[in-house]
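A structural walkthrough
So you can see what is in the structure, the chains are spelled out below.
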Amino acid sequence: MLQLLELEYSCVEIMVHETGGHLKPSDVLADLEKATAICRQIHRLTPVALSVDIEAPEPLYYHQFAACCRLAKTIKIVTLTVRSAELGTPFNAEVERLRNLAALAAREGVRVGMLTEAGRMTENPGTAVVLCDNVKGLGITLDPSHYVCGPLQGGNYEQVMKYVYHVRLRDTTADQLQVRVGQGNVEYGRLVNQLNKVRYDRALCVDILPTPDVDQLSEMRKVRLLLESLL
């Protein structure tokens, strides 16, 4: 977190993942007070979203998600990001799951955004929109890289913009999900203009994973400067 401050970032998305996150959903359920304390020790960064990835079966899945909603409310976060179901999942079953999640979130005054992701139901922007239309209060966490590199291959995804609750960014080509900033096909200026049209006024988060032989911190600095030049 200190490195983010040194790079002059002001906000952070907290990853509540059972594998590879800042916190585990199972730990949030077991001790909400401890989880809250951990989230508040982030060195002057403002938490703007929770990313929630739960591996537990039902009904424990929903108990853990409800605990994450309570955590979000306690630390004044509005949006929880969740993954949509894998391709092949029955549409009605996914609608039911998302309705349950949205209802649990609404009780705590927070909301759910589905991550746009290749290999899952949101890889098709049309399907993502239909899911939002069928689940009251449901929105989208937009990761445009999966529309540049995934099956859409850079096609138009403007239809999802009015549902966007949160945004994650990196640079991407048609055949590589993450490349050095400036070497990819993500049209940041166009994206910002599309978001402005729907009056998006929330965070733009940078999601750059460590890559061999690439200075991750330098790449994160480049994206911040690029985004600042567009805002």
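Residues numbered from 1 in each chain as written. Predicted model: local features only at pLDDT ≥ 70, side-chain atom pairs only at ≥ 80, totals over all residues. Heavy atoms only, no water.

**Quick look at the overall build of the protein chain**
The condition that has to hold: Strands are runs of DSSP state E lasting at least two residues, helices are runs of H or I lasting at least four, and both sets are numbered from the N terminus onward. Radius of gyration here is computed from C-alpha atoms only, and the compact-globule reference equals 2.2 Å multiplied by the residue count raised to the power 0.38. Buried, partly exposed and exposed residues are distinguished by accessible area as a fraction of the type maximum, computed with a 1.4 Å probe on protein chains only: under 20%, between the cut-offs, and over 50%, respectively.
Looking only at helices and strands, the protein chain has nine helices and seven strands in total. What you see for the protein chain is a C-alpha radius of gyration of 17 Å, in line with the 17 Å of a compact globule of 231 residues. Taken along its principal axes, the extent of the C-alpha atoms in the protein chain is 45 × 40 × 35 Å. The buried share among the 231 residues of the protein chain stands at 49%.

**Brief notes about the pairing of strand S6 (residues 164–169)**
Note on strand geometry: in a regular strand, side chains alternate between the two faces of the sheet. Our working definition: Strands pair, by our definition, only if DSSP identifies at least two bridges between them. When the strands point away from the viewer, a crossover counts as right-handed if the route from the first strand across the helix to the second turns clockwise.
A large share of S6 lies buried, amounting to six of its six residues. Note that S6 and strand S7 (residues 204–206) share three bridges and pair parallel. By the bridge assignment, Arg168 is partnered in S7 with Cys205. Read as a crossover between parallel neighbours, the route from S6 over helix H8 (residues 188–197) to S7 is right-handed.

**What about the packing of helix H3 (residues 32–40) against helix H4 (residues 60–74)?**
Put simply, the rule is: The axes are straight lines fitted to the C-alpha atoms, using for helices just the contacting stretch, and the angles between their N-to-C directions are given from 0 to 180°. Working rule for angles: under 35 degrees goes down as roughly parallel, over 145 as roughly antiparallel, 65 to 115 as roughly perpendicular, anything else as oblique. Note on convention: near helix rotated counterclockwise from far helix by under a right angle means a left-handed crossing. Clockwise means right-handed. Pairs of residues are marked as contacts when any of their non-hydrogen atoms sit within 4.5 Å. Under this grouping Gly is polar, as are all residues other than the nonpolar Ala, Val, Leu, Ile, Met, Phe, Trp, Tyr, Cys and Pro and the charged Asp, Glu, Lys and Arg.
Remark: H3 packs on H4, axes separated minimally by 10 Å, with the N-to-C direction vectors making an angle of 45°. In terms of orientation, H3 lies oblique with respect to H4. The two elements H3 and H4 cross, and the hand of that crossing is right-handed. Note on element contacts: H4 touches H3 through Ala67, Arg70, Leu71 and Thr74, opposite Leu32, Ala35, Thr36, Cys39 and Arg40. In terms of residue class, the contact of H3 with H4 is made up of five nonpolar, two polar and two charged.

**Looking at the sheet that holds strand S4 (residues 111–115)**
An order of S1-S2-S3-S4-S5-S6-S7 is seen for the seven strands of this open sheet, with the pairing classed as parallel. Looking along the sheet, the strands with just one partner apiece sit at the ends: strand S1 (11–17) and S7. Within this sheet the neighbouring strands show an average axis-to-axis angle of 30°, counted without direction. Note: strand S2 (residues 46–53) against strand S3 (residues 79–83), three bridges, orientation parallel. Bridge pairing in S3 places Ala49 opposite Thr79.

**Quick word on unusual backbone geometry**
Cis peptide bonds are those with omega within 30 degrees of zero, and the linkage from Glu58 to Pro59 qualifies with 0°. Relative to the elements of secondary structure, Pro59 occurs in the loop between S2 and H4. Positive phi is not limited to glycine here, since Lys76 has a value of about 65°. You can see Lys76 is positioned in the loop between H4 and S3. Judged by relative accessible area, which is 73%, Lys76 ranks as exposed.

**Description of the packing of aromatic side chains**
Formally: Centre distance within 6.5 Å is the pairing criterion for rings of Phe, Tyr and Trp, where only the six-membered ring of Trp is used; planes under 30 degrees apart are then read as stacked, over 60 as edge-to-face, and the remainder as tilted.
Overall, the coordinates contain two aromatic pairs when judged by the stated rule. Summarising the aromatic geometry, the rings of Tyr61 and Tyr62 are spaced 5.2 Å apart at their centres and angled 80° between planes, so their arrangement reads as edge-to-face. On the numbers, 5.1 Å between centres and 35° between planes, the contact of Tyr147 with Tyr157 is tilted. Of the two residues, Tyr147 is situated in helix H7 (residues 145–149) and Tyr157 in the loop between H7 and S6; the sequence distance between them amounts to 10 residues.

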